[in-house]
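Notes for the structure review
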Amino acid sequence: MAFASRLSCGPLGRLLKFIIHRDTVLLHQVRRKRSIYLVPIGTETGSGSPEGRLRVAKYDVAIIGSGPGGYVAAIRAGELGLKTIVVEKDPFLGGTCLHVGCIPTKVLLHHADVYDHFKNGEELGFEVSGLKINWPNILARKDKIVKKHAKGIEFLFKKNKVEWVQGWGRYEGPGRVSVEKDGKKTQIDAANILLVSGSEARALPGIEPDHKTILTNRSILELPEIPKTLVVVGAGAVGVEFASIYNSFGSQVTILEALPRVVPVEDEEISVELDKTFRKKDINIFTQAMVNSVKKDAKGVTVTFKDKDGKSQTLQAEKLLLAVGRKPMTDNCGLEKSKAKVERGAVQVGPYMETAEKGLYAIGDIVFGLPLLAHAAMMEGISAVTHIAGKPGPPIVKERIPNATYCEPQIGSIGLTEKQARDAGHAVKTGKFPFVGNSKATILGNHGGFIKVVSDEKYGEVLGIHIIGPLATEILAEAAAVLHLEGTVDDMMNMMHAHPTVWEGMGDAFASVRGLQINV
Ligand SMILES: Cc1cc2nc3c(=O)[nH]c(=O)nc-3n(C[C@H](O)[C@H](O)[C@H](O)COP(=O)(O)OP(=O)(O)OC[C@H]3O[C@@H](n4cnc5c(N)ncnc54)[C@H](O)[C@@H]3O)c2cc1C
């Protein structure tokens, strides 16, 4: 007792108390997976060291990839006080979405929309003459917007004390990431690692893009001129957006789709409406079309395909865009050094995006079974780092991920399609409101399309909402909120919608499930 009390008061005791206190705090922090992570020195696996000394990991979170999944996770991690570093192979931040995906395509779609307005000037009471497309200026504006936002991410990183380093990032085992640049390798110690390496365009067997005539989503953004003729292989979101852009700018566009309908993941009625509207705009569409060969020649390409009746057809075009899906970029990322389960290149995750390897998370386009969308990647990143910070992260519910396709007419959808709802055993009740009854849509000169509500008959639970028409990707906001908050048809038809707006069409669509729509 006397010895113990002497020990606790003397200098040795104070030192011991300090060590015990320090280790208790550190261990507490380890448990909460925050701030400091103890890795035994001198071992590959971090499972012990001869000296029993402990190394303090430099970072709470290391993130490989700075696309929307990576940069949003990094910023939120910084906000939550986690020491964070991002590894990016490119000399700029932002990934596919900012540089060759969401943003540049939406710039071109906006320009196409403005051009369409000028072309229809007469209907709006304007006399427009001498209208010309200045393609280099349009491309320059696109690049300016992309650069501005890439700088914006750098600014946000600084603001939130997020560091970033250029190089190829690779998982090297628990708590370790290597960064390779110009043949030199460095190492980062981090308690938690997020792999957010994104995806790249798929090719068709035997049809390799040369990026001059056979294009991908990257090379089509750099075309020096608008092609007179364009074949788009694939009628998913990427295919129909580019078809829409170049149709507006005057290209003769043909779509070849292997499945029976365009935008095949959407509700069937949406596909029918888009097909009808595209054909009216003079876009040729072949569904159930199997491409056999693409041959390059002096004029461009000759495409041979089997049509839905099994007949062989040939098309010639200046350019061909391959828009046949994306594949996850997980090669050479070190996943083989982990217990993470990889299926056809995509990584399986559990709750909060953690893989089967503790402390290793997968986010965004590389995740198995979740849609390849920027906003999905963003929320997945937020979910992971919030969990790492010891707080309840938002769960990722596949049925609550909105889809937005920005072709003209736009498509916005969320939740179950009518068929999915029926297949899942719901007693389905649908409602539909055509934009032709919406005054704001008429003012905009754009009143094609409709809003379709899929609900469960018993309590009016909203299961899915499918919109095609003006501002569909904007009014989708209400649809996402309803599903997120588990609202019913009755909640929503009794909510006041501002007039005159395109948005108020939502009120009519919900009411139409009960047969109580006003404007049609
Ligand atoms: C033409 C087109 C249009 C699209 N439009 C939309 C849209 O309107 N809305 C929408 O929601 N989605 C859209 N998408 C999809 C969206 O771009 C992706 O879902 C999103 O970019 C995925 O984000 P991510 O962070 O997972 O990956 P990415 O954005 O692909 O970013 C991955 C990053 O990781 C880096 N990287 C890869 N490997 C390594 C490594 N080993 N070391 C270091 N860095 C590495 C890459 O350089 C890249 O910067 C579009 C896609 C395309 C192709």
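If you're wondering where the values come from, they're calculated on a predicted model, not measured in any experiment.

Taken as a whole and judged by the stated rule, the model has one disulfide. Note on cysteine connectivity: Cys97 is disulfide-linked to Cys102, with sulfurs 2.4 Å apart. On the S-S bond that ties Cys97 to Cys102, the torsion sits near -130°, and the link is left-handed.

In this model, helix α8 (residues 268-280) (13 residues) spans 19 Å end to end at C-alpha, consistent with the 18 Å of a helix rising 1.5 Å per residue. Restricting attention to buried positions, one finds in α8 the residues Ile270, Ser271, Glu273, Leu274, Asp275, Thr277 and Phe278. As for α8, its buried residues are in contact with α7 (237-248), β12 (252-256), β13 (284-286), β23 (410-415), β25 (450-456) and β26 (462-469). At the N-terminal end of α8, a side-chain oxygen is found 3.1 Å from the backbone nitrogen of Glu269, two or three residues along, and the residue is Asp267. Positioned one or two residues after α8, Asp282 has a phi angle of 80°, which is positive.

Within this structure, the stated rule accounts for four aromatic pairs. Through successive ring pairs, a cluster of aromatic residues spans Tyr115, Trp135, Tyr246 and Phe249. The lysine or arginine in question, Lys432, covers the ring of Phe450, its NZ or CZ lying 4.3 Å from the ring centre.

On to the nonpolar core, then. With 50 residues, the main nonpolar core has Ile63, Phe157, Val177, Ile188, Leu194 and Met353 as its most contacted residues. The greatest single-element share of this core, amounting to six residues, is contributed by helix α3 (residues 68-79). Not counting the four nearest positions on each side in its chain, Met353 is found in contact with Leu360, Tyr361, Ala362, Ile363, Val367, Leu370, Glu380, Ala384 and Ile396. Counting residues in hydrophobic clusters, the runner-up holds 36 residues, among them Val100, Ile270, Phe278 and Ile411.

Before going further, it helps to spend a moment on the side chain of Glu478. Note on placement: Glu478 falls in helix α12 (residues 472-484). At 14 Å, Arg514 is the nearest oppositely charged side chain to Glu478, a buried residue that forms no salt bridge. Setting aside residues no more than four positions away along its own chain, Glu478 makes contact with Met492, Met495, His497, Trp503, Met506 and Phe510.

Another aspect to go through is the site of the ligand. Lining the immediate surroundings of the ligand are 40 residues, of which Glu88, Thr96, Lys106, Gly169 and Asp365 lie closest. Here an oxygen atom of the ligand sits 2.7 Å away from a polar atom, N or O, in the side chain of Lys106. Contact distances for the ligand include 2.8 Å between a nitrogen atom and a backbone N or O atom of Gly169. Counting only elements with at least two residues in the shell around the ligand, the list comes to α3, β4 (84-88), α4 (95-100), α5 (102-119), β6 (168-171), α7 and α9 (374-388). Residues of the shell around the ligand, tallied by class, amount to 17 nonpolar, 17 polar and six charged.

Attention now goes to the pattern of salt bridges. Evaluation of the coordinates by the stated rule reveals 24 salt bridges. The salt bridge involving Asp210 is made with Lys296; its shortest N-O contact spans 2.8 Å. Of the two residues, Asp210 sits in the loop between β9 (199-201) and β10 (214-215) while Lys296 sits in strand β14 (residues 290-297), which places them 86 residues apart along the sequence. The partner of Glu273 in a salt bridge is Lys276, and the shortest N-O contact between them spans 3.3 Å.

To continue, consider the pairing of strand β7 (residues 176-181). Examined bridge by bridge, β6 and β7 share four bridges and lie antiparallel to one another. Each residue of the ladder has a partner; that of Gly169, found in β7, is Val179. Taken together, the six bridges between β7 and strand β8 (residues 184-195) define a ladder with antiparallel strand orientation. From the neighbouring strand, Glu180 faces β8, where its bridge partner is Lys185. Taking the residues between adjacent antiparallel strands as the criterion, β7 and β8 are bridged by two residues, where Asp182 takes a positive phi near 50°.

Conventions we followed
Residues numbered from 1 in each chain as written. Predicted model: local features only at pLDDT ≥ 70, side-chain atom pairs only at ≥ 80, totals over all residues. Heavy atoms only, no water. Disulfide = S-S within 2.5 Å. Helix = DSSP H or I, 4+ residues; strand = E, 2+ residues; numbered from the N terminus. Expected span 1.5 Å × (residues − 1). Buried < 20%, exposed > 50% of the residue type's maximum accessible area, 1.4 Å probe, protein only. Contact = heavy atoms within 4.5 Å. Polar contact = N/O pair within 3.5 Å; in protein donor to acceptor, adjacent residues only side chain to side chain. Phe/Tyr/Trp six-rings, centres within 6.5 Å; stacked < 30°, edge-to-face > 60°. Lys NZ or Arg CZ within 6 Å of the ring centre and 35° of its normal. Core = buried A, V, L, I, M, F, W, Y, C linked by side-chain atoms within 4.5 Å. Lys, Arg positive; Asp, Glu negative; His and termini not counted. Salt bridge = Lys/Arg side-chain N within 4 Å of Asp/Glu carboxyl O. Near = heavy atom within 4 Å. Nonpolar A, V, L, I, M, F, W, Y, C, P; charged D, E, K, R; others polar. Pairing = 2+ DSSP bridges.

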